[in-house]
Structure formats: structure tokens, C-alpha cells
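Fold and contact review
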Amino acid sequence: MLAGNGSLVSEFVLAGLTDRPELQLPLFYVFLMVYIVTVVGNFGLVTLIGLNPHLHTPMYYFLFNLSFIDLCYSSVFSPKMLMNFVFEKNTISYVGCMTQLFLFLFFVISECYMLTSMAYDRYVAICNPLLYKVIMSPQICSVISFVAYVMGLAGASAHTGCMLRLTFCNANVINHYLCDILPLLQLSCTSTYVNEVVVLIVVGINITVPSFTIFISYVFILAKILNIKLTQGRLKAFSTCSSHIMAISLFFGSAAFMYLKYSSGSMEQGKISSVFCTNIGPMLNPLIYSLRNKDVKLAIRKSLIKFQRKDRF
């Protein structure tokens, strides 16, 4: 039966992270805890920023969007990933696989540009503090975040559209825990040349533009910080960027490591390294921004005090 766009496969089988039986249950509990921490952390940060007026600033507006993306991003594949550990055969329909691929790419690319937006926000805050409220007005922030989502939509549409034109004949076992581009291309029984060209172009754009923007932003930030004479002033300026530096290092570092493993031809190592990008990053981001941020910690304390007062009455 045709599954769609010439494909002869109606469903795929997700091979999962490992096929070793003795590791299935321990890994299930590990990744269940990772997912719970990710959901609680990101949902908590979204709620905290939404409910506290003093956090309604450009920096926290972008952090709100970043946490929202991480929350949705992890929920796209984590339930299926967890099912791999408890079910002998974890299947996903052709339509479900293409939907997962689209959403996965949409949120990944959107996060890439949201982190870039946050770098620009830090650049304006440190290099043009007097014009910060004018340059980073609510309207401008909305436009910047909208562009981030548009870039995610464009990239995901390009990849998924090209994937839909491929034919999948007999092989239907995806050597991964999610529907990703490279594992799916390996299953195609038709030419993947167009897909490979699109991957080079889209990935090239989505790596070059954010990386260049972030690099230039931090070159100007570093130059500005070095021009500050007082050590206390330097530390204060740097502290406003430290959480973001950690977040972009985690995101781009894990993504680069994952695709380097894939390009070396080792799918097994690629799967293991992708865990850092898909699972660990979204879990650590809210911890990085909450534990290292005075405003967030203050908002948490105020929220806890309010809840305690409500409980008393």
C-alpha cells in the first residue's frame, strides 16, 4: 500500500538507542528522569517569566521563547524514545515519521536563531546601553523572534518537502531513536542527490549565519568589556553573558560533535552523541539560566513566598 508521495512503506521501525536487553530498563529510567527535569524546568521557566512583571524585558522575552522551544522540542521525540526501551518493536507511521522530522527540524533551527537573537540582545545591552530600550523595543523583539520561527519553518519545510519525494521500498528500520534526515536517506531506494544538496545549502545557511552573527556580537562585547577600567564593571558585564555563552557552547558544540560522528560513517556513535544535543541541552538550559541568574532566583523566591502565603490563608 502506498504511504504517500510514491513511498511503498506505510510505517517505519525505530531501532532505538541500543539493542542490548540488559540496558533497556536502566536507560528507560535515566531518560525518563531527563525528560521530567526538562519539562519541569522549561515549563517552570516559561511560567515564571510569564507571571513576573519585572522579568518582562527583552532578555527574558527571548529566554521565554527558548524555554518554550526546548519544551516542545524535547516532547517531539522523547515519548517515542522512551517507548523504544519498553517495547520490543517500536513502530511509527510514515505520516507520523514525516511529522516528527518536520517538528524536530523546526524547533532545532528556531532554537539556533533564538540563541542568535539573544547574542544580539547582549550586544546591544553592553555596547549601546543608552539606546537599549529603543533598539530592543517590544515590537523589535517580536519581529526578531518571528524571524527565528520563520527560519525554522523554512528549513524544516525544505528538508521535509525533499524527504517526501523519496521512495522507501522494503527497508523500513530507522537506525535511530527518532526520524532524522541522515538515517532516513539511508533507507531510500531512489536517488538522494537533491536531498543532499538541500542539506548542504540549508545546514550551511543555518550554521554560517548564526555562527557569524554570534561571533561578531561577542567580538564587540569583548572589546567593550576590555575597555571598562573597573574590574567590578568588567565582571558585571561578563556575568550578563556567561549563561548565554554556556547555552550556545552546549548547543553548537553538541550539534557539531553529533554531525562529525555521522560524517565519519559511524551511525552508532552518531546516535550516542546526538543524545547531548537532543536530550541533555534542553534539560540543562533552564538550570543554566536559573542557577546563574539573580533575577530568576529572586523571582523564584517571590513566587514561593506568594504560594506559602496562599497556603496559610
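Basis of the calculations
- Residues numbered from 1 in each chain as written.
- Predicted model: local features only at pLDDT ≥ 70, side-chain atom pairs only at ≥ 80, totals over all residues.
- Heavy atoms only, no water.
- Helix = DSSP H or I, 4+ residues; strand = E, 2+ residues; numbered from the N terminus.
- Buried < 20%, exposed > 50% of the residue type's maximum accessible area, 1.4 Å probe, protein only.
- Contact = heavy atoms within 4.5 Å.
- Areas by Shrake-Rupley, 256 points an atom, 1.4 Å probe, with all protein chains shown as cover.
- Lys, Arg positive; Asp, Glu negative; His and termini not counted.
- Charge placed at Lys NZ, Arg CZ, Asp CG, Glu CD.
- Expected span 1.5 Å × (residues − 1).
- Bend = angle between axes of the 7 residues up to and from the residue.
- UniProt positions renumbered as here; feature names shortened; annotations may be inferred.
- Axes fitted to C-alpha atoms, helices over the stretch in contact; angles between N-to-C directions.
- Parallel < 35°, antiparallel > 145°, perpendicular 65-115°, else oblique.
- Left-handed = near helix turned anticlockwise from the far one by under 90°.
- Nonpolar A, V, L, I, M, F, W, Y, C, P; charged D, E, K, R; others polar.
- Pairing = 2+ DSSP bridges.

To continue, consider the overall build of the protein. Of the regular secondary structure elements, the protein holds 10 helices and 3 strands. Sequence-ordered secondary structure for the protein, helices as α and strands as β, is β-α-α-β-α-α-α-β-α-α-α-α-α. Principal-axis analysis of the C-alpha atoms places the extent of the protein at approximately 65 × 50 × 30 Å. Considering the protein as a whole, with its 313 residues, one finds that 47% of them fall into the buried category. For the protein, the proportion of contacts with a sequence separation of at least 24, taken over those separated by at least 6, is 78%. When the accessible area of the protein is evaluated, it comes to approximately 16,100 Å², of which 70% is carbon and sulfur surface. The averaged location of the 12 negative side-chain charges in the protein is 20 Å from the averaged location of its 21 positive side-chain charges.

What follows covers helix H1 (residues 21-51). Here H1 is 31 residues long and its end C-alpha atoms lie 45 Å apart, about the 45 Å a rise of 1.5 Å per residue gives. The axis of H1 is deflected most strongly, by about 30°, at Leu27. For H1, the set of buried residues is Gln24, Leu27, Phe28, Phe31, Val34, Tyr35, Thr38, Asn42, Leu45, Val46, Leu48 and Ile49.

To continue, consider the UniProt feature "transmembrane region" (unreviewed entry) in the protein. In this structure's numbering, the residues bearing the UniProt feature "transmembrane region" (unreviewed entry) are residues 27-48, 60-79, 91-109, 130-151, 197-223, 235-260 and 272-291. Counted over residues 27-48, helix gives 100% and strand 0%. Its end C-alpha atoms are 31 Å apart. Across residues 130-151, helical content stands at 82% and strand content at 0%; the span's end C-alpha atoms are separated by 30 Å.

Glancing now at the environment of Ile214. Turning to its location among the elements, Ile214 is positioned in helix H7 (residues 193-226). For Ile214 and Val30, which are 184 residues apart along the polypeptide, the C-alpha to C-alpha distance reads 33 Å.

Contact geometry for helix H3 (residues 94-127) and H7: axes closest at 9 Å, N-to-C directions at 20°. Of the possible angle classes, the one that applies to H3 and H7 is roughly parallel. For the pair H3 and H7, the sense of crossing is left-handed. In this structure, H3 contributes Ile109, Cys112, Tyr113, Thr116, Ala119, Tyr120, Arg122, Tyr123, Ile126 and Cys127 to the contact, and H7 contributes Ile205, Asn206, Val209, Pro210, Thr213, Ile214, Ser217, Tyr218, Phe220, Ile221 and Lys224. A class-by-class count of the residues in the contact of H3 with H7 yields 15 nonpolar, 4 polar and 2 charged.

On to helix H5 (residues 138-164). Along its 27 residues, H5 runs 38 Å from first to last C-alpha, staying within 8% of the 39 Å computed at 1.5 Å per residue. Buried residues along H5 sit in contact with helix H2 (58-86), H3, helix H6 (181-185) and H7.

What follows concerns the sheet that holds strand E2 (residues 90-93). Strand order in this open sheet of 3 strands is E2-E1-E3, and the pairing throughout is mixed. The strands lining the two open edges of the sheet, one partner per strand, are E2 and strand E3 (173-174). Examined bridge by bridge, strand E1 (residues 11-14) and E2 share 4 bridges and lie antiparallel to one another. Bridge pairing links Phe12 to Ile92 in E2. Those strands touched by H2 are E1 and E2, and its axis lies near 145° from that of E2. Helix-sheet contacts for H3 involve E1, E2 and E3, and the interaxial angle to E2 is about 85°.

Contact geometry of H2 with H5 gives a least axis separation of 10 Å together with a crossing angle of 25°. The orientation of H2 relative to H5 falls into the category roughly parallel. In this structure, the crossing between H2 and H5 has a hand that is right-handed. In this structure, H2 contributes Pro58, Tyr61, Phe62, Asn65, Phe68 and Ile69 to the contact, and H5 contributes Cys141, Ser142, Ile144, Ser145 and Tyr149.

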